[in-house]
Amino acid sequence: MIGTGILKGMAVTARNFVGSYFDEERLITVQYPEERNPLPENYRNFPFLLYDGDDPHAGLRCVACKICEKECPPQCIYIVKSDDKKPDYMGKPQFYPKVFDIDISVCMSCQICVEVCPFEAIKMDKDFELSKRERFNHLLQRKEELSKPNEYYHSICPTEAADVDAKLAAAAEAAAKKKAAAAPAPATPPAPSGSSSASASS
Amino acid sequence: MSATVETLEAIERPPVTMGSRLEGELLEVSMGPQHPSTHGVFRMNVALEGEIVRKLKPVFGYLHRNHEKIGENTSYLGSMPYTDRLDYFCSMTNNWAYALSVEKLAGIEVPERAQYLRIILAELTRLQNHASLLGFLLNDMGAWGTPLMYAFREREKILDLFESLSGSRMMCDYMRFGGCRVDADDAWLARARQIVDRFPKFLDEFEELILGNEIVIGRTQNVGKLSADLAISAGITGPMLRACGVNYDVRKVDGYGFYPRFKFRIPLGEHGDTYDRLMMRALEMRESVEILKQALAQIQPGPIVNPKVKIRAFRPPVGEAYGRIEAPKGELGFYLISDGGPNPYRYRVRPPSFINLTVLEDLCLGHTVADVMVILGSVDIVMGEVDR
Amino acid sequence: MESLEQIKDRAETAIPGAKIDIVPNPGPANQPSLLIDNEHAPAIAKFLRDDAALRLDFCSNVTGVDWLDRVAKKTVKVKKVVDGEEKEVNQTTEEKIPGYLEAVYHLYSITHKHGAVIIRMRTEDRAAGARLPSLTPIWRSAEFQEREIYDLYGIRFDGHPDLRRILMWDEFEDHPMRKDYVQPDDFEWEPTPHDDVLARAKQHYTPRPELDGAEKITAGSGDTLKR
């Protein structure tokens, strides 16, 4: 009979309409921004720079090797290397970025900078509300805005941050052993960064 | 059913005042690029006789960004996130097609678990692409919003899966040469199983909603008929080709990935009209669910990336390779020429929806303007891929 | 499926005067191709499509490649008499290989489900001689793709039913996929202030009115824009 198909369809819409009030599976929208769904741990949006301890300058892990600048597909990173050196988390003197800028409007959050970074210095953030008041200068994130402490990293990606800390601690230990084997003098290496605020800001 | 030309000749039409007149009684109308049902910035120059389409010329390029030039100026890895932006509904299959081509070019093996993950993600992509296509098609027909929102509700569940695995809903950037970037844990696989198990319920409901509907049947059957010969000659691929009754699916023919390990059927149409194209999607989703069930049952723990592949300074040997997969929209291929450098010498995308538009004029001639929208909707285009 | 040698032999016998070369592909992909001569290209293509054993009825991918002029350096050891002594001296000869444009077709058979057979055609040069016969009459799928090659590479396809620009606009003059294409430097601002884009943009644009905030943009050095 003509019209049965339409009636069947109407029944489906009615089921969905009623269901949308109490059925968990059909009740899926949330009232953003008052309500928010939790973000998955792997969620990524826009990179930030990690530092250990309290001082964003002294604890900054980035050594201005410029690999991320080179590998970034849309070329949104701009780095100027420093002239002097500062000790890194293992106490080794390293360069640091005098300028480290990322352009929000060009960055496509692809995570390649994170993958290629050999120093675990750049990580993906979860902040997705990045709208700015001004069109040009505000869209350029400077080093000061990009630097965030390790605690912040632990708060957004606990599992991954713990893995990274363990890896760095192991590397520092291996380096210390090597150093100890090479020179018997009691050289105490600075404590591996970790989430503790006992930092390498000496 | 479409009206025939003869009947329209008899009707007296009031003189047309808008638009520019062509020779005779033809009226040239520019549909798009800002038309709500052109799926993006697609434009058609249509010559109309009354309401009947006499000529149709698609106009491209409003979203052209020369993706291929960008690909030739970035490293092999750097092109991976750009492929997400081709067909932004199906970034996982785009990633796979590109990874497959580079793996062919450099002769890279992919570990077993990565192959399974790729198949799972590709079939989930097919589910969400076809579901939302059906929703959009109904949207174009005038069933405004409701079916589309039902489809989006299901799609959102799959996109949540993508997000929790790759970090992004649509711009996944998930696959790497020789494997995948992140491993899926057991909780993720359990969630995927749950979604796959529930999906047929949605399909039942959706088919009940649309496929028996007399209006849908009236609008789609015998509209935009495509013959098998023309489809083959014009390089039509994907569900649109199979709707004409041509049994050709790259998953079966090439057997890339681990597809030969799975049991699934290829749905075939008979008439090649819009209704068959619509049915193809509905039936393919059922088969995808079958593949997903098998893949999720068989997947074993193991490495997900080939350790021999370097992330930085990746340079494939000199040569060329063409790799193709069955993307939800058709055959998606990447043609790469390497000169031994860090960037591809030639980077070419074979976009299925662009080539499927070759026959758009043939499909639309003799139909009304309202049918053009339905036919275009059933071709399944995404402008990010068409214009590149 | 037959080997490329067999296909070449059979096509050359079937079409008198046709000349086919096999282009090897050194990479692991191992996809060698057939270089067909331009004059007989439509006949060869028709043979490939209609031959009962091949039936390459599905032309999947059509694309262009730009090969620039190259200078091949050859070093040959030549015996020369220097100061009454016979010595071996390296002599470098430079050979200029003119560039050409190439159209590549990836063919499959839907009837027999085999493939790919890759055929390619080369133009005489990269300027006025960049002409090739169109294979659109053989495979409809080449229609848009040959238009795209014409648009982006500038190969003119003789016999194409509707050879117009497809992705770029009609008034556009150059062919952007060519390797020696020079980007125009007058495109709109990109806000990455360290790019050389900024320097170029500065030459082209006077700053916008106060409202926009554009006049505050500074380069890395802190220079303000000149009015």
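Attention in this report is confined to the structure presented alongside it. (Residues numbered from 1 in each chain as written. Chains lettered and ligands numbered in written order. Predicted model: local features only at pLDDT ≥ 70, side-chain atom pairs only at ≥ 80, totals over all residues. Heavy atoms only, no water.)

1. Focus: a nonpolar patch on the surface
Here is step 1: Judged by side-chain polarity, Phe-17, Val-18, Tyr-21 and Phe-22 of chain A come together as a nonpolar surface patch covering roughly 510 Å² of accessible area.
Here is step 2: Within the element layout of this structure, Tyr-21 of chain A appears in helix H1 (residues 4–22). (Patch = residues over 30% accessible without salt bridge, like charges linked within 9 Å, V, L, I, M, F, W, Y side chains within 5 Å. Areas by Shrake-Rupley, 256 points an atom, 1.4 Å probe, with all protein chains shown as cover. Salt bridge = Lys/Arg side-chain N within 4 Å of Asp/Glu carboxyl O. Helix = DSSP H or I, 4+ residues; strand = E, 2+ residues; numbered from the N terminus.)

2. Things to note about the pairing of strand S7 (residues 319–327) of chain B
Within a regular strand, the side chains alternate between the two sheet faces.
Residues and elements named next belong to chain B.
Here is step 1: Where burial is concerned, most of S7 is hidden: nine out of the nine residues are buried.
Here is step 2: Alternating residues of S7 divide into Gly-319, Ala-321, Gly-323, Ile-325 and Ala-327 and Glu-320, Tyr-322, Arg-324 and Glu-326, and every residue in both groups is buried.
Here is step 3: As judged from the nine bridges shared by S7 and strand S8 (residues 330–338), these two strands associate in the antiparallel manner. Looking across to S8, one finds that Gly-323 is bridged to Phe-334. (Buried < 20%, exposed > 50% of the residue type's maximum accessible area, 1.4 Å probe, protein only. Pairing = 2+ DSSP bridges.)

3. Quick look at the packing of aromatic side chains
Here is step 1: Tallying each qualifying case throughout the model produces 29 aromatic pairs over all chains.
Here is step 2: Ring centres of Tyr-88 of chain B and Phe-89 of chain B lie 6.1 Å apart, and the angle between their planes is 45°; on these two criteria the pair is classed as tilted.
Here is step 3: Looking at Tyr-88 of chain B, the relative accessible area reads 28%, which means it is partly exposed.
Here is step 4: By relative accessible area, which is 14% here, Phe-89 of chain B ends up buried.
Here is step 5: A ring pair is formed by Tyr-345 of chain B and Trp-67 of chain C, whose centres lie 4.7 Å apart and whose planes are at 15°; its orientation type is stacked. A residue pair is termed interchain when its members come from two chains, as with Tyr-345 of chain B in the loop between S8 and strand S9 (346–350) and Trp-67 of chain C in strand S3 (residues 58–67).
Here is step 6: When its relative accessible area of 24% is taken as the criterion, Trp-67 of chain C is described as partly exposed.
Here is step 7: In textbook terms, an aromatic cluster arises when at least three aromatic residues are bridged by ring pairs, as seen for Tyr-76, Tyr-98, Phe-177, Phe-314, Phe-334 and Tyr-347 of chain B. (Phe/Tyr/Trp six-rings, centres within 6.5 Å; stacked < 30°, edge-to-face > 60°.)

4. Some words on the sheet that holds strand S6 (residues 122–124) of chain A
Residues and elements named next belong to chain A.
Here is step 1: The strand order across the open sheet built from three strands is S6-S1-S8, with neighbouring strands paired in mixed fashion. Two strands close off the open sheet at either side, each with one partner strand: S6 and strand S8 (147–149). Pairwise comparison of adjacent strand axes, ignoring direction, gives a mean angle of 50° for this sheet.
Here is step 2: One ladder, built from three bridges, connects strand S1 (residues 47–51) with S8; its direction is parallel. Each bridged residue has a counterpart across the sheet, and for Leu-50 the counterpart in S8 is Lys-148. (Axes fitted to C-alpha atoms, helices over the stretch in contact; angles between N-to-C directions.)

5. What about the nonpolar core?
Soluble globular proteins tend to pack their nonpolar side chains together in the buried interior.
Here is step 1: Residues Leu-124, Tyr-174, Phe-177 and Trp-188 of chain B are the most contacted members of the largest nonpolar core, which totals 93 residues.
Here is step 2: Examining the composition of this core, we find that 14 residues originate from one element, helix H5 (residues 112–141) of chain B, more than from any other.
Here is step 3: Ile-381 of chain B together with Phe-144, Leu-152 and Met-177 of chain C belong to the second largest nonpolar core, which has 86 residues in total. (Core = buried A, V, L, I, M, F, W, Y, C linked by side-chain atoms within 4.5 Å.)

6. What about unusual backbone geometry?
Here is step 1: Cis geometry is adopted by the peptide bond preceding Pro-33 of chain A, which originates at Tyr-32 of chain A and carries an omega value of 5°.
Here is step 2: Among the secondary structure elements, Pro-33 of chain A is positioned in the loop between H1 and S1.
Here is step 3: Its identity is not glycine, yet Gln-111 of chain A carries a phi of approximately 80°, on the positive side.
Here is step 4: Here Gln-111 of chain A lies in the loop between strand S5 (97–103) and helix H3 (112–116).
Here is step 5: Although it is not a glycine, Asn-30 of chain C adopts a positive phi angle of roughly 50°.
Here is step 6: As for its position among the elements, Asn-30 of chain C is in the loop between strand S1 (20–23) and strand S2 (33–36).
Here is step 7: According to the relative accessible area criterion, Asn-30 of chain C is exposed, its value standing at 56%.

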